[in-house]
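What the coordinates show
The lines below spell out each chain.
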Amino acid sequence: MTFKRKLLLAVLPFAFSLSMPASALDIKFAEIHPAGYPTVVAEQNMGKKLEQASNGEITFKMFPGGVLGSEKEVIEQAQIGAVQMTRVSLGIVGPVVPDVNVFNMPFVFRDHEHMRKVIDGEIGQEILDKITNSEFNLVALAWMDGGSRSLYTKKPVRSLADLKGMKIRVQGNPLFIDMMNAMGGNGIAMDTGEIFSALQTGVIDGAENNPPTLLEHNHYQSAKYFTLTNHLILPEPVVMSKTTWNKLTPEQQVLVKKLAREAQMEERVLWDAKSAASEEKLKAAGVEFIAVDTKPFYDATAPVREKYGAQYADLMKRIDAVQ
Ligand code: BDP
């Protein structure tokens, strides 16, 4: 091959791409929750606004109900850019970006409102930045609210003693296994999609989550007792693959961040309504809501906060100080 021809072949793809009109960037958004769930609705609205504001240069498609895989699988796909965006529980980010575990500790927030104030402020941004600045090729954009998590079981738990030896599903994060074991249960990690049949077949005696998940993932069909421990309040980051992020223009990046933040504020309104409605529906379906003294659960998990929290002592003080 002549040198001229070689040169032509080398520059051809480049010249071609310059002369082509920019093709649309397609965003596939993966969600474990079903259509209609607060996070899904807020994210879809974000997607619609994104399509409009980018004049069609960005397209958005929601894949709800876990069709693209478990949260762990989807995070891996986002890391390589096969899925462009997703929202996951911070629980499963912990093993990948350990710095986020400060929010994953039991009873680290006083209550739901406290968590919201923290994620809306500078600490919330710092934890998003930890994800973005980690080596995992993700950009963390905003927070969704997943309420607070309590225990649900097939036999009632009215005190710490009742939990003794019960096999309770937790998310795949060693911190949560330690937490469950510290409360006297037997923590078993599995993906969200496996809980329903694990409850039915007796592989587990219960799980822990918020009322909307208990309802929408049909776990209440087997677990009829909901014990209000409120032991975890886990915010849920919305992340984009850095591979996708780097394809956006600076203006588009600003737009994506702005709309993700709007979705953060919109979702919590939907969340509050959904939580209240879920509680009503669960009660109507025969689920007993059990109020407990949470102090014994708090005390039992102190060693977990010591083990995982020692390195975040300053940050925990700052979280505490948020009013
Ligand atoms: C729900 C979260 C979801 C998690 C699920 C779980 O919204 O992201 O996958 O809990 O525990 O509350 O697996």
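Residues numbered from 1 in each chain as written. Predicted model: local features only at pLDDT ≥ 70, side-chain atom pairs only at ≥ 80, totals over all residues. Heavy atoms only, no water.

Observations regarding the sheet that holds strand β10 (residues 236-241)
- If you trace the five strands from one edge of the open sheet to the other, you get β2-β1-β3-β10-β4, paired in mixed fashion. What marks the edges here is a single partner per strand, and that holds for β2 (58-63) and β4 (138-144). Looking at each pair of strands side by side, their axes are set apart by 20° on average, direction ignored.
- In this structure, strand β1 (residues 25-30) lies alongside strand β3 (residues 85-87), joined through two bridges in parallel fashion. The residue of β3 that forms the bridge with Ala30 is Thr86.
- With respect to the sheet, helix α12 (residues 250-284) is in contact with β2, β4 and β10, its orientation differing from that of β4 by roughly 25°. (Pairing = 2+ DSSP bridges. Helix = DSSP H or I, 4+ residues; strand = E, 2+ residues; numbered from the N terminus. Axes fitted to C-alpha atoms, helices over the stretch in contact; angles between N-to-C directions. Contact = heavy atoms within 4.5 Å.)

Remarks on the confidence of the model for the protein chain
- The share of residues in the protein chain with pLDDT of 70 or more is 93%, and the mean pLDDT across the chain is 94.
- Contacts for the low-pLDDT stretch residues 11-21, under 50 throughout, to residues beyond four places or in other chains number zero contacts. (pLDDT = per-residue confidence, 0-100.)

Considerations on empty space enclosed by the protein
- Going through the model one piece at a time under the given rule, you end up with one cavity of 30 Å³ or more.
- Taken as a whole, the largest cavity holds about 30 Å³ of empty space.
- Elements supplying a minimum of two residues to the lining of the largest cavity: α3 (71-80) and β3.
- Considering only residue class, the lining of the largest cavity consists of three nonpolar, three polar and three charged. (1 Å grid on protein atoms, 1.4 Å probe; cavity = no way out; pocket = protein on both sides within 12 Å on 5 of 7 lines; lining within 4 Å. Points joined across faces, edges and corners; volume = space filled by probe spheres on them. Nonpolar A, V, L, I, M, F, W, Y, C, P; charged D, E, K, R; others polar.)

A short note on the layout of surface pockets
- In this structure, the largest pocket spans a volume of roughly 270 Å³.
- Considering the residues around the largest pocket, the lining is formed by 22 residues, among which Glu71, Ser89, Arg169, Gln171 and Thr192 are closest to the centre.
- Its residues placed into classes, the lining of the largest pocket shows five nonpolar, ten polar and seven charged.
- There is about 210 Å³ of room inside the second largest pocket.
- Partitioning the lining of the second largest pocket into residue classes produces six nonpolar, no polar and four charged.

Things to note about the pairing of β4
- When you tally the buried positions in β4, you get seven out of seven residues, the bulk of the element.
- With six bridges connecting them, β4 and β10 associate as antiparallel partners. Paired with Met144 across the strands is Glu236, a residue of β10. (Buried < 20%, exposed > 50% of the residue type's maximum accessible area, 1.4 Å probe, protein only.)

Considerations on the packing of helix α8 (residues 174-182) against helix α14 (residues 302-309)
- In contact at an axis separation of 9 Å, α8 and α14 are set at 155° when each is read in the N-to-C sense. Taken together, the axis directions place α8 and α14 in an arrangement best described as roughly antiparallel. Pair α8 / α14 crosses with right-handed handedness. Only Val304, Lys307 and Tyr308 of α14 make contact with α8, whose side of the interface consists of Pro174, Leu175, Asp178, Met179 and Ala182.
- Class assignment of the residues belonging to the contact of α8 with α14 gives a composition of six nonpolar, no polar and two charged. (Parallel < 35°, antiparallel > 145°, perpendicular 65-115°, else oblique. Left-handed = near helix turned anticlockwise from the far one by under 90°.)

Digging into the nonpolar core
- In this structure, Phe103 and Leu163 are the most contacted members of the largest nonpolar core, which totals 47 residues.
- Counting residues in hydrophobic clusters, the runner-up holds 26 residues, among them Leu25, Ile27, Val139 and Trp245. (Core = buried A, V, L, I, M, F, W, Y, C linked by side-chain atoms within 4.5 Å.)

Here's the deal with the packing of helix α2 (residues 38-53) against α12
- Here α2 crosses α12 at 150°, and the two axes come no closer than 8 Å. Of the possible angle classes, the one that applies to α2 and α12 is roughly antiparallel. Both α2 and α12 take part in a crossing whose hand is right-handed. Counted together, Pro38, Thr39, Val41, Ala42, Asn45, Met46, Lys49, Leu50 and Ala53 of α2 and Leu255, Val256, Leu259, Ala260, Glu262, Ala263, Glu266, Glu267, Leu270, Trp271 and Lys274 of α12 form the full contact between these two elements.
- Here the contact of α2 with α12 is built from residues that sort into 13 nonpolar, two polar and five charged.

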